[in-house]
Amino acid sequence: SDVLDISKIESNTVQLFMRDQDLPAVMNEIRFSVSSEIPSEIDLHLDDCQPCYFSTDRGRLKQILSYLIFITIEKIKKSYICFGYELGDNNTILFYVRTDHKMFDGKNLNDKSASSLSSIDGTEEEDLKFTIVQGLTEKMNGRLEIQTGDQIGTQFRVVFPMSVKK
């Protein structure tokens, strides 16, 4: 399925099914779907989600955030992961996946767009998932950012410029 997604992204044939979505419900679905694959050494936390409806492809949004959670699991092995979203300025929604562990040793990624990264120096599967996240985010008119450091841990941010309905 991942290889097929890469093929669709590269050939510009990804189909998006944009519909108004109840964002707290989508986030709870993500938590439920990944919870069975979370090792006992990792605490997964969904931050409070304020009521919000917006137009997006539900399946692709779930895929993006789930893949970022799975990449984080593989990189940290223990500790916590929290995820959620914030309503940003200028009708944007910022989704995040963060941990207190610094990932990507040797890379200076503070406030850096992830579009310039060709790899996260992970396993082949992690790099493939990361490439899919990058491609889907771009196809959905968003941007992927990574912030990491000794004091802040690591945070993936996916920002979509969409009209928000509160």
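Details of the structure are given in the entry above.
Read on for a plain summary of the structure. Since the structure is predicted, the reported quantities are computational estimates derived from the model, not experimental observations.

1. Topic: the overall build of the protein
Right, so step 1: Scanning the protein from terminus to terminus reveals four helices and nine strands.
Right, so step 2: Its helices and strands in sequence order give the protein the pattern α-β-α-β-β-α-β-β-β-α-β-β-β, from N to C terminus.
Right, so step 3: Looking at the protein as a whole, 49% of its 166 residues qualify as buried.
Right, so step 4: Once local pairs closer than 6 in sequence are excluded, the contacts in the protein between residues at least 24 apart make up 73%.
Right, so step 5: Here the protein displays about 8600 Å² of accessible surface, and carbon together with sulfur accounts for 44% of that area.

2. Thoughts on the environment of Arg19
Right, so step 1: Here Arg19 shows up in strand E1 (residues 18-22).
Right, so step 2: Taking the C-alpha atoms as reference, Arg19 lies 9.6 Å from Tyr53; in sequence the two are 34 residues apart.

3. So, helix H4 (residues 124-139)
Structural remark: α-helix, 3.6 residues per turn; residues separated by three or four positions point the same way.
Right, so step 1: For H4, built from 16 residues, the straight-helix expectation of 22 Å at 1.5 Å per residue is met to within 8% by its first-to-last C-alpha distance of 22 Å.
Right, so step 2: Residues of H4 that are buried include every one of Glu126, Asp127, Lys129, Phe130, Ile132, Val133, Gln134, Gly135, Leu136 and Thr137, and no others.
Right, so step 3: Contacts from the buried residues of H4 go to helix H1 (2-10), helix H3 (58-76), strand E7 (143-149) and strand E8 (153-161).
Right, so step 4: Asn141 sits one or two positions beyond H4 and adopts a positive phi of about 65°.

4. Description of the packing of H3 against H4
Right, so step 1: Remark: H3 packs on H4, axes separated minimally by 9 Å, with the N-to-C direction vectors making an angle of 145°. Pair H3 / H4 crosses with left-handed handedness. Residues Arg60, Gln63, Ile64, Tyr67, Leu68, Ile71, Glu74 and Lys75 of H3 pack against Glu126, Lys129, Phe130, Ile132, Val133, Leu136 and Thr137 of H4.
Right, so step 2: Its residues assigned to classes, the contact of H3 with H4 shows eight nonpolar, two polar and five charged.

Procedures and definitions
- Residues numbered from 1 in each chain as written.
- Predicted model: local features only at pLDDT ≥ 70, side-chain atom pairs only at ≥ 80, totals over all residues.
- Heavy atoms only, no water.
- Helix = DSSP H or I, 4+ residues; strand = E, 2+ residues; numbered from the N terminus.
- Buried < 20%, exposed > 50% of the residue type's maximum accessible area, 1.4 Å probe, protein only.
- Contact = heavy atoms within 4.5 Å.
- Areas by Shrake-Rupley, 256 points an atom, 1.4 Å probe, with all protein chains shown as cover.
- Expected span 1.5 Å × (residues − 1).
- Axes fitted to C-alpha atoms, helices over the stretch in contact; angles between N-to-C directions.
- Left-handed = near helix turned anticlockwise from the far one by under 90°.
- Nonpolar A, V, L, I, M, F, W, Y, C, P; charged D, E, K, R; others polar.

Worth remembering: the numbers are spatial, not functional.
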